[in-house]
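# An overview of the molecular structure
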Amino acid sequence: MKKISKSFLAAAMLETKLKAFLPLLIQHLFLYHYLSSLLPISMACNNKFTLDSVRDALIREEDSIVFSLIERARFPYNAPAYDPSFLGNGFSIAEFYVRGTESLQAKIGRYQKPEDVPFFPKDLPSPLPPTKDSQKVLLHPASASVTVNEAIWKFYFTELLPLFTTKGNDGNYASTVASDFVCLQAISRRIHSGKYVAEVKFTDAPQDYSPAISSKDRDKLMDLLTFVAVEEAVKKRVEKKARLFSQNVTLDENDSGKTQYKINPLVVSHLYDKWVMPLTKVVEVEYLLLRLS
Ligand SMILES: O=C(O)C(=O)C[C@]1(C(=O)O)C=C[C@@H](O)C=C1
């Protein structure tokens, strides 16, 4: 009996202590989460900056891309959302939304990391809170200037969207463009993470890359940084992820029908084959060309 009341007392004291520390713990976790979100992808991942750790980060980005496409596929194409004359201010709803959201995000410290590149960088406001300049820690300072967002914007709206949305117009323009922006940011972040890949490849073998950089030999650089087997694996994996993440799950045991997918898994491997990997390589080449300056 005595034993029980002692341990009960100890437990009660522990609970009181925990209660007192809980707000501090929550503050710490919040701060940790905020600061780690400001760290470059590879460090936030596992504190290492190697080809493997950077590739791991690219693999995680695949999940974000697949889920963002699934969300966008809930709405039909919704052409009026992309009509520059619809609002009467010269911008389509999509562009107006992206410009406004980027401006707000810049104020709270986004676009400080090399992989976070705005689509409309001109006249972005400065961040309000002090932010950590991660780009100077690991990458060449010129990396900030490398962007292929114009190409991403173009292929996303003109070629990719019609491949995974149904034809039609349901009037849900606000939700539609908000989903578009999530897709665009996920794709852009993945592609601009190529800056880290290039940096690791260069630091692993400067003797291979330096001559091609000095002679501005883009083809040679492209050759050096291309791994066909890795690209094949990436295509297969993203298709598999799309298959797994986007299938309609049913509890009906008698359901012997064909599996339904929210997006066509082949569209995702096509996205990687035609745009994501080629543009990642462009980012790598452009980064390397600046690496010795
Ligand atoms: O993993 C690499 O080495 C990369 O450079 C990334 C990537 C890709 O975009 O997935 C690009 C080029 C390579 O040929 C293989 C894969």
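This text goes with the structure placed above it.
Source: prediction; values computed, not measured.

Rules and cut-offs
- Residues numbered from 1 in each chain as written.
- Predicted model: local features only at pLDDT ≥ 70, side-chain atom pairs only at ≥ 80, totals over all residues.
- Heavy atoms only, no water.
- Helix = DSSP H or I, 4+ residues; strand = E, 2+ residues; numbered from the N terminus.
- Buried < 20%, exposed > 50% of the residue type's maximum accessible area, 1.4 Å probe, protein only.
- Contact = heavy atoms within 4.5 Å.
- Areas by Shrake-Rupley, 256 points an atom, 1.4 Å probe, with all protein chains shown as cover.
- Near = heavy atom within 4 Å.
- Polar contact = N/O pair within 3.5 Å; in protein donor to acceptor, adjacent residues only side chain to side chain.
- Phe/Tyr/Trp six-rings, centres within 6.5 Å; stacked < 30°, edge-to-face > 60°.
- Lys NZ or Arg CZ within 6 Å of the ring centre and 35° of its normal.
- Axes fitted to C-alpha atoms, helices over the stretch in contact; angles between N-to-C directions.
- Parallel < 35°, antiparallel > 145°, perpendicular 65-115°, else oblique.
- Left-handed = near helix turned anticlockwise from the far one by under 90°.
- Nonpolar A, V, L, I, M, F, W, Y, C, P; charged D, E, K, R; others polar.
- Expected span 1.5 Å × (residues − 1).
- Arc of directions from axis to C-beta.
- Salt bridge = Lys/Arg side-chain N within 4 Å of Asp/Glu carboxyl O.

### Points about the overall build of the protein
- Each helix and strand in the protein was counted, giving 12 helices and zero strands.
- For the protein, the N- to C-terminal ordering of α and β elements is α-α-α-α-α-α-α-α-α-α-α-α.
- In the protein, which comprises 293 residues, the proportion classed as buried is 41%.
- Of the contacts made within the protein by residues no fewer than 6 positions apart, 75% connect residues no fewer than 24 positions apart.
- With an accessible surface of roughly 16,800 Å², the protein has 60% of that area assigned to carbon and sulfur atoms.

### A word on the site of the ligand
- The environment of the ligand is formed by 14 residues, the closest being Arg55, Lys201, Phe227, Glu231 and Glu284.
- The separation between an oxygen atom of the ligand and a polar main-chain atom of Phe227 is 2.7 Å.
- Within the contact set of the ligand, an oxygen atom lies 2.6 Å away from a side-chain nitrogen or oxygen of Glu284.
- Considering the ligand on its own, with 350 Å² of exposed area, one finds that the protein chains cover 99% of that surface.
- Of all the secondary-structure elements, those providing two or more residues to the shell around the ligand are helix H8 (194-204), helix H11 (228-246) and helix H12 (265-290).
- The greatest single-element share of the shell around the ligand, amounting to four residues, is contributed by H12.

### Observations regarding the packing of aromatic side chains
- Summed over the entire model, instances satisfying the criterion amount to 12 aromatic pairs.
- Cluster of aromatic residues (ring-pair linked, three or more members): Tyr77, Tyr82, Phe119, Phe120, Trp153, Tyr156 and Phe157.
- Stacked on the ring of Phe227, the Lys or Arg Arg55 has its end atom at 5.2 Å from the ring centre.
- Across from the ring centre of Tyr261, 5.7 Å away, lies the NZ or CZ of Arg243, which sits over that ring.

### Details of the environment of Ala106
- Its place among the elements puts Ala106 in helix H4 (residues 93-107).
- A relative accessible area of 3% means that Ala106 is categorised as buried.
- Residues in contact with Ala106, not counting those within four places in the same chain, are Tyr111, Leu124, Pro125, Ser126 and Pro127.

### What about the packing of H11 against H12?
- Closest axis-to-axis distance for the H11/H12 pair is 8 Å, and the angle between their directions is 140 degrees. Looking at the two axes, H11 sits oblique to H12. The element H11 and its partner H12 pack so that their crossing is right-handed. Of the residues in H12, those touching H11 at Glu231, Val234, Lys235, Val238, Glu239, Ala242 and Arg243 are Pro265, Leu266, Val268, Ser269, Tyr272, Asp273, Met277 and Lys281.
- Class assignment of the residues belonging to the contact of H11 with H12 gives a composition of eight nonpolar, one polar and six charged.

### Description of H11
- The end-to-end C-alpha distance of H11, which contains 19 residues, comes to 27 Å, matching closely the 27 Å that a straight helix rising 1.5 Å per residue would cover.
- Burial in H11 covers these residues: Glu231, Val234, Lys235, Val238, Lys241, Ala242 and Ser246. Buried residues along H11 cover an arc of 135 degrees about the axis, so they all sit on one side. The outward face of H11, more than 90 degrees from its buried face, is lined by the exposed residues Ala229, Lys236, Lys240 and Leu244.

### Regarding H4
- Compared with an ideal rise of 1.5 Å per residue, which puts 15 residues at 21 Å, H4 spans 21 Å between its outermost C-alpha atoms and is within 8% of the ideal.
- All of the buried residues along H4 are Ile93, Ala94, Glu95, Val98, Thr101, Glu102, Gln105 and Ala106.
- Of the residues flanking the end of H4, it is Gly109, one or two places downstream, whose phi is positive at about 105 degrees.

### Considerations on the pattern of salt bridges
- Counted under the stated rule, the structure contains 18 salt bridges.
- Notably, a salt bridge pairs Glu61 with Arg189, separated by 3.0 Å at the nearest N-O pair. Residue Glu61 is located in helix H3 (residues 51-72), and its partner Arg189 is located in helix H7 (residues 173-192); the two are separated by 128 residues in the primary sequence.
- With a shortest N-O distance of 3.3 Å, Glu284 and Lys201 are connected by a salt bridge. Here the residue Glu284 occupies a position in helix H12, and Lys201 occupies one in helix H8, the gap between them amounting to 83 residues. Per residue, the accessibility class of Glu284 equals that of Lys201, and both read buried.
- Connected through shared salt-bridge partners, Glu61, Arg110, Asp116 and Arg189 make up one network.

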